[in-house]
Structure formats: C-alpha cells, structure tokens
Amino acid sequence: LYYSLIDFTKLYSEIISISGTIITIISMIVTIIYTMKTKNYKKQAEYDIRKINLSNIVEKLKRTQEDIRKLPRHTARVRGIKIDGLFFSIKTSFDFSLNLLDNDSPDNEIRELLLKAQRNLNIYETSYLSSDIDDSKILNITECIQNAIAKANKKIFKLEKEFINGWIEKRNWKIKV
C-alpha cells in the first residue's frame, strides 16, 4: 500500500507537470496571437493618424486659399484688409501643415509643394514691402496649394481603399474596392 501511494504521488506529480507544460504552451500561443494582432492595430493606428493629419492639412489649406485670394495684386492701398495679418495667417497655416508632415514621410511631395508655396509667399511679401509687387508669385502659391490639396485628397482616398480592401480580405470575401 505504501509503494502504491508513492507511485500515485509520482503519477500525480507528473500529471501536474505535464498539465503545467500544456498550459504554458497554450499561453505562449495566445501571447503570439495577441502580439500579431497588436502589430495590426499599430499599423491601423499609423494609417489613422496619417489620414487625420492629411485631412487637417486639407482643411487648413482650403481656408488659407481664401486669405491668398485677398492678397493685393498691385501697390495701391487696399481698404479693410490688414495685409500683415494676411501674411501672418498664411504663414501660420503653412507652419501648421508642414509640422504635420515629416521629412521622410510618404507624403513628402505634399511637403515639397508647401515649401515651394512658402518660398513664393516670402518673395511676394518682400516685393510687396518694396512696393514692387510680383503678382505671379500669388499664382504660384495658389497653384502649389491646389496641387497639395489634390495630392492629399488622393492619398486619403488611397488609404481608405487600402483599409477597406484589407478589411474585406480578412473576411475572405471575394470583392475588391
């Protein structure tokens, strides 16, 4: 009876060890699965942040276009408009938009357009202050802003499309957007 009790204790000990090993393996598998899901969530968060930033840039630039249209095309005094305030507002908008775009981001072409518009604004401001207005710079600024808005909207659409196609793919549906 004593030996059978010892054998039972060993057997019970081995069952507990095997059970613990199985539970550990299952928990490792669950951890790996959640880690993979976390990577997907991280990628989705990056897409969402990029999309939000691009949307904010588009909205800011659309409002900036209104200020750009108010810039004088000749040296005569313009009543009711504070030109210094316009320059400040436009520069602030450019700064806001440029701060949302990283130098190494996939949206660098939008950043380059904004930098070009900013350079043209600085040239225009200098010509305005010297009473020798170069109104072609206003046209260049407007063109850059319109191109930046169009490119940002195109990228937003592309991000949405990638998200929807990824969502559909996960469900093994046979449609593409």
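Residues numbered from 1 in each chain as written. Predicted model: local features only at pLDDT ≥ 70, side-chain atom pairs only at ≥ 80, totals over all residues. Heavy atoms only, no water.

Visitor: Just to check I follow, could you spell out the pattern of salt bridges for this structure?
Guide: Opposite charge on two side chains makes pairing possible when the charged atoms of those side chains draw close. If you walk through the whole model with that rule in mind, you get 7 salt bridges. We note a salt bridge from Lys-51 to Glu-160, for which the minimum N-O separation is 2.5 Å. Of this pair, Lys-51 sits in helix α1 (residues 2-70) while Glu-160 sits in helix α4 (residues 136-170), and the two are 109 residues apart along the sequence. According to the relative accessible area criterion, Lys-51 is buried, its value standing at 17%. According to the relative accessible area criterion, Glu-160 is partly exposed, its value standing at 30%. When the shortest N-O distance is used, the salt bridge between Lys-91 and Glu-125 registers 2.5 Å. With Lys-91 in helix α2 (residues 83-100) and Glu-125 in helix α3 (residues 108-129), the pair connects residues that are 34 residues apart, well separated along the chain. Exposure remark for Lys-91: the relative accessible area of 26% places this residue in the partly exposed category. Taken together, the shared-partner salt bridges in this structure form one network comprising Arg-50, Asp-107, Glu-109, Lys-151 and Lys-155. (Salt bridge = Lys/Arg side-chain N within 4 Å of Asp/Glu carboxyl O. Helix = DSSP H or I, 4+ residues; strand = E, 2+ residues; numbered from the N terminus. Buried < 20%, exposed > 50% of the residue type's maximum accessible area, 1.4 Å probe, protein only.)

Visitor: Sorry, what's going on with the packing of aromatic side chains here?
Guide: Here a ring pair, both rings aromatic, is described through the centre-centre distance and the interplanar angle of the planes. One pass over the structure, following the stated rule, counts 3 aromatic pairs. Ring centres of Phe-87 and Tyr-124 lie 5.9 Å apart, and the angle between their planes is 55°; this geometry places the pair in the tilted category. Of the two residues, Phe-87 is situated in helix α2 and Tyr-124 in helix α3; the sequence distance between them amounts to 37 residues. For the pair Phe-87 and Tyr-124, a shared accessibility class is recorded, and that class is buried. Seen in terms of ring centroids, Tyr-124 and Tyr-128 are 6.4 Å apart; in terms of plane orientation they differ by 25°. Their pairing is stacked. Here Tyr-124 and its partner Tyr-128 are both found in helix α3, 4 residues apart, which amounts to about one turn of the helix. Accessibility assignment for this pair places Tyr-124 and Tyr-128 in one class, buried. Taken together, the ring pairs in this structure connect Phe-87, Tyr-124 and Tyr-128 into an aromatic cluster. (Phe/Tyr/Trp six-rings, centres within 6.5 Å; stacked < 30°, edge-to-face > 60°.)

Visitor: Where do I start with the environment of Ser-131 in this structure?
Guide: Tracing the backbone through its elements, the reader meets Ser-131 in the loop between α3 and α4. In this structure Ser-131 comes out as exposed when scored by relative accessible area, which is 53%. Spatially, the C-alpha atom of Ser-131 lies 8.5 Å from that of His-74, the residues being 57 residues apart in sequence.

Visitor: Help me understand the nonpolar core, please; the structure alone is not making it clear to me.
Guide: Note on soluble globular proteins: their nonpolar side chains tend to be buried together. If you look at the biggest cluster of nonpolar residues, it comprises 30 residues, and the most contacted ones within it are Leu-61, Leu-71, Phe-94, Leu-114 and Ile-145. For this core, the secondary-structure elements that each account for two or more residues are α1, α2, α3 and α4. The element best represented in this core is α4, accounting for 9 residues. Not counting residues up to four positions away in its chain, the partners in contact with Leu-71 are Leu-86, Phe-87, Ile-90, Leu-121, Tyr-124 and Ile-138. (Core = buried A, V, L, I, M, F, W, Y, C linked by side-chain atoms within 4.5 Å. Contact = heavy atoms within 4.5 Å.)

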